[in-house]
Amino acid sequence: SAPPSDYSPRVSALGRQLALGALRRLPLHALSRVAGGLATRRLPTPLRAPLLRAFGRAVGADFGEVRDPLDTFESLQAFFTRALVEGARPIDPAPDAFVAPCDGSWGAAGTIQGDTILQMKGRPYSVGALLGSDADAKRYDGDSFATFYLAPRDYHRFHLPCDGRVLRASYLPGNLWPVNRIGVEGVDGLFAQNERICATFGVGGDARLTIAAVGATMVGKVHVVFDDLSTQRGPVDARRVDTRTYDVLDPRYAFAKGDEWGRFEFGSTLVLVATPGAIDLDVEPPGSPLRLGTRIGRRLG
């Protein structure tokens, strides 16, 4: 989804309300599952390269970064979740470097005040609602938050911004509002309303970092690499919170800075919150470009 301050055209208040009214009447979960099914449909081998090349050109994808030949991608979804050539995203090697976890653009970012962070200027929402726990939210008061948007052209895997060990992950059910100007300007607490996976990482001592991978309209699924946890889970599980904890001594749950930990099928949004004393972010204005692996702050401690 494109950052509303950069790629999306301005929409009048009336137009926004009309669009939201129409969206409320649509079965967004069912439509997103259909879109995901179409995106995963196997493409005939002779058509793969020309179709994916046309699609990539339309959205502005950089083919020079794609690791595998286009005719090896069996579906549009496989192309969306593509790997990059070795070295395409160098990870800042400085020990204190806190790096961008994805490609995309900056959204709202700053300091967590009480239980409040910003969806955009003038539109606050609750950390407790985002995480699904008011008790957990109290740990984050006073430190940094940041929002990162991924557009269709972007590399759709996301990575750890610093060394960390996954302690817990939760699937939180919800809506599938579009993460664009219409949604961000028109839906209160959109990132806490949409379905999402929140993963909490230990990043040294008592410091914690939680990253919410937020679903959106037409996003097929959000996956993590350390578990079978995902969004878009079907009607039976659609309204059931699923929280899992992980063995702190198991090496499968330890990640180095720059390691992949999940991916979006189509674009969407990451929202990052840190406990006090964990990081010092170099915040950029909304719409500023973001490139995986580049330094965006300093890891403390």
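To start, this report covers the structure provided alongside it. (Residues numbered from 1 in each chain as written. Predicted model: local features only at pLDDT ≥ 70, side-chain atom pairs only at ≥ 80, totals over all residues. Heavy atoms only, no water.)

Details of the environment of leucine 131
Relative to the helices and strands, leucine 131 resides in helix α5 (residues 127-131). A relative accessible area of 11% means that leucine 131 is categorised as buried. Sequence separation between leucine 131 and isoleucine 211 is 80 residues; the distance between their C-alpha atoms is 9.3 Å. For leucine 131, the residues in contact, after removing those within four places along its chain, are Asp136, Ala137, Tyr140, Leu172, Cys198, Thr210 and Val273. (Helix = DSSP H or I, 4+ residues; strand = E, 2+ residues; numbered from the N terminus. Buried < 20%, exposed > 50% of the residue type's maximum accessible area, 1.4 Å probe, protein only. Contact = heavy atoms within 4.5 Å.)

A look at the nonpolar core
One recurring pattern in soluble globular proteins is that nonpolar side chains are buried together. Formed by 38 residues in total, the largest nonpolar core has its most connected members in Phe148, Phe226 and Trp261. Residue assignment for this core shows that the elements contributing at least two residues are β5 (144-149), β7 (164-172), β8 (196-202), β9 (208-214), β10 (222-224), β13 (260-264), β14 (269-274) and β15 (279-281). Here tryptophan 261 is in contact with Phe158, His159, Leu160, Ala199, Phe201, Ile211, His223, Val224, Val225, Phe226 and Phe255, once residues within four sequence places are set aside. Membership of the second largest hydrophobic core comes to 25 residues, among which are Ile117, Tyr125, Ala216 and Val273. (Core = buried A, V, L, I, M, F, W, Y, C linked by side-chain atoms within 4.5 Å.)

A few points about the packing of aromatic side chains
To describe a pair of aromatic rings, you give the distance between the ring centres and the angle between the ring planes. Inspection of every chain in the model, using the stated rule, returns 14 aromatic pairs. Between phenylalanine 226 and tryptophan 261 the ring centres are 6.4 Å apart and the planes differ by 20 degrees, which places this aromatic pair in the stacked class. With phenylalanine 226 in the loop between β10 and β11 (242-245) and tryptophan 261 in strand β13, the pair connects residues that are 35 residues apart, well separated along the chain. The class of phenylalanine 226 is buried, set by a relative accessible area of 10%. Overall, the relative accessible area of 0% leaves tryptophan 261 in the buried class. Taken together, the aromatic side chains of Phe158, Phe201, Phe226, Tyr246, Tyr253, Phe255, Trp261 and Phe264 make up a single cluster linked through ring pairs. Sitting over the face of the ring of phenylalanine 79, arginine 82 holds its NZ or CZ atom 4.4 Å from the ring centroid. (Phe/Tyr/Trp six-rings, centres within 6.5 Å; stacked < 30°, edge-to-face > 60°. Lys NZ or Arg CZ within 6 Å of the ring centre and 35° of its normal.)

Examining the sheet that holds strand β17 (residues 295-299)
As summarised here, the arrangement of the three strands in space is β1-β17-β15, forming an open sheet in which the pairing is antiparallel. The open sheet has two edge strands, β1 (97-99) and β15, and neither has a second partner. With strand direction ignored, the average angle separating the axes of adjacent strands in the sheet is 40 degrees. For β1 and β17, the ladder comprises three bridges, and the chain directions are antiparallel. For valine 99, the partnering residue across the bridge sits in β17 and is arginine 295. (Pairing = 2+ DSSP bridges. Axes fitted to C-alpha atoms, helices over the stretch in contact; angles between N-to-C directions.)

Some remarks on the sheet that holds β13
Taken in spatial order, the three strands make up an open sheet running β6-β13-β10, and their pairing is antiparallel. Either end of the sheet is taken by a strand with one partner, and the two such strands are β6 (157-159) and β10. Taking each pair of neighbouring strands and ignoring which way they run, the sheet shows an average axis angle of 25 degrees. Relative to β13, β10 is paired through three bridges, and the arrangement is antiparallel. The residue of β13 that forms the bridge with valine 224 is glycine 262.

Describing the pairing of β9
Of all seven residues in β9, seven are buried, a share of seventy percent or more. Along β9, one buried face is formed by Arg208, Thr210, Ala212 and Val214 and the opposite face, lined by Leu209, Ile211 and Ala213, is buried too. Both β8 and β9 contribute to a ladder of seven bridges, which runs antiparallel. Bridge pairing in β9 links cysteine 198 to alanine 212. Between the end of β8 and the start of β9, which pair antiparallel, lie five residues, with glycine 204 showing a positive phi angle near 120 degrees. Here β9 pairs with β14 via six bridges, running antiparallel. Following the sheet pairing, leucine 209 is matched in β14 by alanine 274.

Observations regarding the side chain of glutamate 195
On the secondary structure map, glutamate 195 appears in the loop between α8 (190-193) and β8. For glutamate 195, the side chain forms a polar contact with the side chain of tyrosine 171, separated by 3.0 Å. (Polar contact = N/O pair within 3.5 Å; in protein donor to acceptor, adjacent residues only side chain to side chain.)

Some thoughts on helix α3 (residues 45-59)
The terminal C-alpha atoms of α3 lie 22 Å apart, and with 15 residues this matches the ideal 21 Å at 1.5 Å per residue to within 8%. Within α3, the full set of buried residues consists of Arg48, Ala49, Leu52 and Gly56. Looking down the long axis of α3, one finds its buried residues gathered within 85 degrees of arc, a one-sided arrangement. Turned more than 90 degrees from where α3 packs its buried face, Pro46, Arg57 and Ala58 sit exposed. Note on α3: the residue one or two positions beyond its end, glycine 60, has a positive phi of about 90 degrees. (Expected span 1.5 Å × (residues − 1). Arc of directions from axis to C-beta.)

By themselves, these are just geometric observations and shouldn't be taken as functional.
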